[in-house]
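Examination of the molecular architecture
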Amino acid sequence: MSKNFYITTPIYYPSGRPHMGHAYSSIVADIFARFKRLEGYNVLFLTGTDEHGQKIQKEAEKNNKDPKIFCDDISETFRNLTKTLTLSNNDFIRTTESRHLKSVNEIWNRLINSGDIYLDKYSGWYSVSDEAYYDVEEIEENNGIKVSKTSGSTVEWVEEESYFFRLSEFQKRLLDHYKKNEDFILPKSRKNEVIKFVEKGLKDLSISRTSFSWGIPVPENKKHVIYVWLDALTNYLSALNFPNTKDEKYKSFWPADVHVIGKDILRFHAVYWPAFLLAAKLPLPKRIFGHGWILSDDKKMSKSLGNILDPIEVIKDYGIDQLRYYLIKEVSLGNDGSISMQNLKNCINNDLANNYGNLCQRVFAFIKKNCNNKIPKKIDLNDRDIKLIKNLKDEIPQLIEYINKQNLNEYIKTVINFSFEANKYFNDSEPWALKEKDPDRMCGILNTIVEQIKNISILLNPVLPISTKKVLNTINISDKDILIDNIRKNNNLNCDIELKRLDILFKKIENDN
Ligand code: MSP
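Definitions and limits used
Residues numbered from 1 in each chain as written. Predicted model: local features only at pLDDT ≥ 70, side-chain atom pairs only at ≥ 80, totals over all residues. Heavy atoms only, no water. Core = buried A, V, L, I, M, F, W, Y, C linked by side-chain atoms within 4.5 Å. Buried < 20%, exposed > 50% of the residue type's maximum accessible area, 1.4 Å probe, protein only. Helix = DSSP H or I, 4+ residues; strand = E, 2+ residues; numbered from the N terminus. Contact = heavy atoms within 4.5 Å. Pairing = 2+ DSSP bridges. Axes fitted to C-alpha atoms, helices over the stretch in contact; angles between N-to-C directions. Phe/Tyr/Trp six-rings, centres within 6.5 Å; stacked < 30°, edge-to-face > 60°. Lys NZ or Arg CZ within 6 Å of the ring centre and 35° of its normal. Parallel < 35°, antiparallel > 145°, perpendicular 65-115°, else oblique. Left-handed = near helix turned anticlockwise from the far one by under 90°. Right-handed = clockwise from strand over helix to strand, strands pointing away. Salt bridge = Lys/Arg side-chain N within 4 Å of Asp/Glu carboxyl O. Polar contact = N/O pair within 3.5 Å; in protein donor to acceptor, adjacent residues only side chain to side chain. Domains from an automatic or database assignment. Buried area = accessible area lost by both parts, 1.4 Å probe. Nonpolar A, V, L, I, M, F, W, Y, C, P; charged D, E, K, R; others polar.

Let us look at the nonpolar core. One finds Ile7, Leu327, Tyr356, Val363, Phe364, Ile449 and Ile475 to be the most contacted residues of the largest nonpolar core, which totals 93 residues. For this core, the element with the most residues is helix α13 (residues 341-370), which contributes twelve residues. If near-sequence neighbours (up to four positions away) are discounted, Ile475 is found in contact with Phe364, Ile375, Val450, Lys454, Leu493 and Leu499. One finds Val104, Phe164, Leu233 and Ala280 within the second-largest nonpolar core, a separate group that totals 81 residues.

For the rest of this paragraph, the subject is the sheet that holds strand β9 (residues 185-186). The strand order across the open sheet built from six strands is β3-β2-β1-β14-β15-β9, with neighbouring strands paired in parallel fashion. In the strand order of this sheet, the two ends are held by β3 (91-94) and β9, each with one partner. In the packing of helix α10 (residues 266-279) onto the sheet, the strands contacted are β9, β14 (258-262) and β15 (288-291), and the crossing angle to β14 comes to about 140°.

Moving on, we come to the packing of aromatic side chains. Inspection of the entire model under this criterion finds 23 aromatic pairs. Taken together, a centroid distance of 6.4 Å and an interplanar angle of 90° make the contact between Phe366 and Phe426 edge-to-face. Placement of the pair is Phe366 in helix α13 and Phe426 in helix α15 (residues 408-429), with a sequence separation of 60 residues. Both residues of the pair, Phe366 and Phe426, count as buried. Here a set of aromatic residues connected by ring pairs shows up, and it is made of Tyr118, Tyr122, Tyr126, Tyr133, Phe164 and Tyr227. A cation over an aromatic ring shows up here: Lys3 above the ring of Tyr41, its NZ or CZ 4.5 Å from the ring centre.

Time to look at the packing of helix α16 (residues 439-460) against helix α17 (residues 465-474). Axis separation between α16 and α17 bottoms out at 9 Å; the angle between their running directions is 150°. What the angle tells us is that α16 and α17 run roughly antiparallel. In the packing of α16 onto α17, the handedness of the crossing is left-handed. Each of Ile453, Lys454, Ser457, Ile458 and Leu460 in α16 lies in contact with α17, whose residues at this interface are Thr468, Val471 and Leu472.

Here we take up the pairing of β15. Residue alternation in β15 divides its side chains into two sets, Ile288 and Gly290 and Phe289 and His291, and both sets are buried. Alignment of β9 against β15, held across two bridges, turns out to be parallel. The residue of β15 that forms the bridge with Ile185 is Ile288. For the crossover from β14 across α10 to β15, the handedness is right-handed.

Attention shifts here to the pattern of salt bridges. Evaluation of the coordinates by the stated rule reveals 41 salt bridges. As a salt-bridge pair, Lys405 and Glu401 come within 3.5 Å of each other at their nearest N and O atoms. What makes Glu401 partly exposed here is its relative accessible area of 39%. A single salt-bridge network, built from bridges that share partners, covers Glu51, Lys68, Asp72 and Arg94.

Turning our eyes to something else, we now look at the environment of Trp157. Tracing the chain through its elements places Trp157 in strand β8 (residues 156-165). For Trp157, a relative accessible area of 47% puts it in the partly exposed group. Sequence separation between Trp157 and Ala232 is 75 residues; the distance between their C-alpha atoms is 23 Å. Look past the residues within four positions of Trp157 in its chain and what remains in contact with it is Ser123, Gly124 and Trp125. A distance of 2.9 Å separates a polar atom in the side chain of Trp157 from a polar atom in the side chain of Glu159.

In this section: the domain arrangement of the protein. Split into domains, the protein comes out as domain 1 (4-291) and domain 2 (340-488). Each side of the interface is counted separately: domain 1 has 15 residues, and domain 2 has 16 residues. In total, domain 1 and domain 2 occlude about 1600 Å² of area from one another, counting both sides; carbon and sulfur atoms represent 72% of this. For domain 1, the biggest contributors to the area lost against domain 2 are Phe32, Phe35 and Leu38; these three give 43% of the whole. The interface formed by domain 1 and domain 2 includes one salt bridge. Of the charged contacts in the structure, one is a salt bridge between Lys405 and Asp183, with a shortest N-O distance of 3.8 Å. Where domain 1 meets domain 2, there are four residue pairs in polar contact (both at pLDDT 80 or more). Broken down by element, the residue count for the side of domain 1 that touches domain 2 peaks at eight residues, all from helix α1 (residues 20-38). Grouping the constituent residues of the side of domain 1 that touches domain 2 by class yields eight nonpolar, one polar and six charged.

Right, let's get into the pairing of β8. Bridge count for strand β4 (residues 117-127) against β8 is ten bridges, and the pairing is antiparallel. Paired with Gly124 across the bridge in β8 is Val158. Pairing of β8 with strand β10 (residues 205-206), which is carried by two bridges, proceeds in the antiparallel orientation. Bridged to Phe164 within β10 is Ser206.

In structure tokens, the structure reads:
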């Protein structure tokens, strides 16, 4: 069995500061990446910035900057955001890097050689903001302005010489692929949207522009720059040292296991990208997962709507683990979800401060006070102790399945329930009443609850990387031992070393109204 796993986020347009929607895509992908590492996989997790195209050129002009210098600046804020979000990415790609240029040229040449590109003239609607072509049926008039029905962004009429990709030739092969590979597009509702779109028939796609210059030139005709989406999608290969298909990275990680994207860019990933790859005679990614939107005032958060929620501000006020937890627990991954500061506060208080945080803190405080600050040995266990641990262990295959199907909501609900259950177990078992009466039994309870804290912390680690590490380090589990296998083993708590100090994990948030 291959133990490699390749996961990507969309690469972000550095046209403005990162917002909560961007943070969401990245956090979701990070959780999968971290979980696969816990399972023992060698994970490559890629993110980056998408720097060419008319949108960026215009934005740079507005700011009176050379586009490359403009991108250098904003790309850096996205790179910094990876740190603020505690992303575990092992690479950050920029489409202005030479490794990417090489790879896009190769893709272009492959498409030329397969006979799938021809020169003609494009006339139709284009949205600079979406960097997308739209058919007449896909646009409407809003206060006298033509806009895309789906994104609401303004479209303009474009007429220019253009290279075309014979997308129309790929309809059948794409439909066959969707049929044969049930989980190629998830969630299911998104897959159905894509199938309907492809079944209506595909038109050839314009893949070069001549009316601006900020992009990768078409190798044989420098008047044209390559369409930014053909350029951008190729990043997933560039990071593997493509075109060198003999390179270890390429051999180990292509095809990608999952491209995590927002539903707004599904068509590009689930229709255009596989068609380009088929034409280039390269294997297709195994999965495209399209998550919903984070809404603010019930609208998609975007710069043009002016309803941006800044993740950095929220993190400053509440903490990164808290934000990560909230986004995963309260927003249903495949669907759109509104977020609110009130819900965030409630979620932090109920699930983190009062539940998981409180559990760890009170158990460790009790051990410090009554057991010389060392985890008591497993002496006298009863059925309830055994069942508590067993229930969680038995659930592991199901939890892995949730993650493999990108069902993060069920995953997190199940895990946090173990924490509620553990709190209840601790209350009901009343170890404080057994100190004198039955110290062996007290030891059994304490050993059990610490083991369960360890197990829960490992499972929560992909979502709460900072806090769970603190908890696990308190009980002398080092970072390299944060693995699912460590849950499966019995009796691996270190009872001979004192517990480390654990500061407050999650501050309770006071309500200001
Ligand atoms: N550059 C392209 C992606 C190229 S991938 C080869 C792009 N960039 S973007 O910066 O506009 O958006 C990137 C992603 O951010 C979206 O696909 C989506 O995943 C995420 N989001 C942006 N706004 C969002 C919300 N309001 N809610 C959730 N995610 C959204 O598209």
